[in-house]
Protein chains: 2
Amino acid sequence: MKYQVRVFVSLKPSILDPQGRTVERAVSHLGHDNVSGVRVGKLIEMVLEGERAAVEAQARELAGTVLSNPVMEDARVEIEELALQASV
Amino acid sequence: MKYQVRVFVSLKPSILDPQGRTVERAVSHLGHDNVSGVRVGKLIEMVLEGERAAVEAQARELAGTVLSNPVMEDARVEIEELALQASV
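For the structure given in this document, a descriptive report is provided here.

The rules behind each value
Residues numbered from 1 in each chain as written. Chains lettered and ligands numbered in written order. Predicted model: local features only at pLDDT ≥ 70, side-chain atom pairs only at ≥ 80, totals over all residues. Heavy atoms only, no water. Contact = heavy atoms within 4.5 Å. Buried area = accessible area lost by both parts, 1.4 Å probe. Salt bridge = Lys/Arg side-chain N within 4 Å of Asp/Glu carboxyl O. Polar contact = N/O pair within 3.5 Å; in protein donor to acceptor, adjacent residues only side chain to side chain. Helix = DSSP H or I, 4+ residues; strand = E, 2+ residues; numbered from the N terminus. Pairing = 2+ DSSP bridges. Axes fitted to C-alpha atoms, helices over the stretch in contact; angles between N-to-C directions. Buried < 20%, exposed > 50% of the residue type's maximum accessible area, 1.4 Å probe, protein only.

**Focus on the interface of chain A and chain B**
Then, number 1: Across the contact, 28 residues belong to chain A and 28 residues belong to chain B.
Then, number 2: Note on chain A versus chain B: buried area summed over both sides is about 2,400 Å², and carbon and sulfur give 58% of it.
Then, number 3: There are zero salt bridges connecting chain A and chain B.
Then, number 4: The tally of links from chain A across to chain B stands at twelve residue pairs in polar contact (both at pLDDT 80 or more).
Then, number 5: Only strand 1 (2-11), helix 1 (18-29), strand 2 (35-49) and helix 2 (52-64) of chain A provide two or more residues apiece to the side of chain A that touches chain B.
Then, number 6: Considering each element in turn, the side of chain A that touches chain B owes the most residues, 15 residues, to strand 2 of chain A.
Then, number 7: Summarising the sheet, strand 2 of chain A and strand 2 (residues 35-49) of chain B pair through eleven bridges and their orientation is antiparallel. Opposite A:Ser36, over in strand 2 of chain B, you have B:Val47 as the bridge partner.

**A closer look at the sheet that holds strand 1 (residues 2-11) of chain B**
Then, number 1: As summarised here, the arrangement of the six strands in space is 3(A)-1(A)-2(A)-2(B)-1(B)-3(B), forming an open sheet in which the pairing is antiparallel. In the strand order of this sheet, the two ends are held by strand 3 (73-81) of chain A together with strand 3 (73-81) of chain B, each with one partner. Direction aside, neighbouring strands of the sheet carry axes that sit 20 degrees apart on average.
Then, number 2: On top of the sheet, helix 2 of chain A reaches strand 1, strand 2 and strand 3 of chain A together with strand 2 of chain B; it is set at about 155 degrees to strand 3 of chain A, its chief contact.

**Examining the pattern of salt bridges**
Then, number 1: Going through the model one piece at a time under the given rule, you end up with 14 salt bridges over all chains.
Then, number 2: Ionic pairing is found between A:Arg21 and A:Glu24, a salt bridge with its closest N-O pair at 3.5 Å. Here A:Glu24 and A:Arg21 lie together in helix 1, a separation of three residues that amounts to about one turn.
Then, number 3: Judged by its relative accessible area of 16%, A:Glu24 falls in the buried class.
Then, number 4: A salt bridge links B:Glu78 to B:Arg6; the nearest nitrogen and oxygen atoms lie 3.9 Å apart. In this pair, B:Glu78 sits in strand 3 while B:Arg6 sits in strand 1, placing the two residues 72 residues apart along the sequence.

This is the structure:
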């Protein structure tokens, strides 16, 4: 079975986010003065093949080691079964 | 009222994603040979203040213009009301 896995990686709240600050200033210069707390993170999408339980464990392992830096980032994992006709 | 806005930006399926290819190869070298279709996108989180309808329109406008490149990227917007005690 194939699963669509989405990993959302965001900087921990205590870590400064210069990219987010830059976006915030740019947006504010464009007249959007009601925008605050901009944080820029990553979204990694991938297809994993295998049994559900194994895929879940593997996705969490990848998210916490290869795809994020657990010292500075939080990672959240979403898993969704791929319909056969949508398989890649 | 304050709203937590999340913008998910991913490359359109027809656009090559060298960053995703690199992650895929790295993961495969680590022994994960059941991983395919890796795509790397962005996750932008921000707080918008205002009326719900205005915030929705503004979030969609920002997502489609400043935060993504509509020629190459798809943007999806999620909006969630912030509880007062959680406001920033």
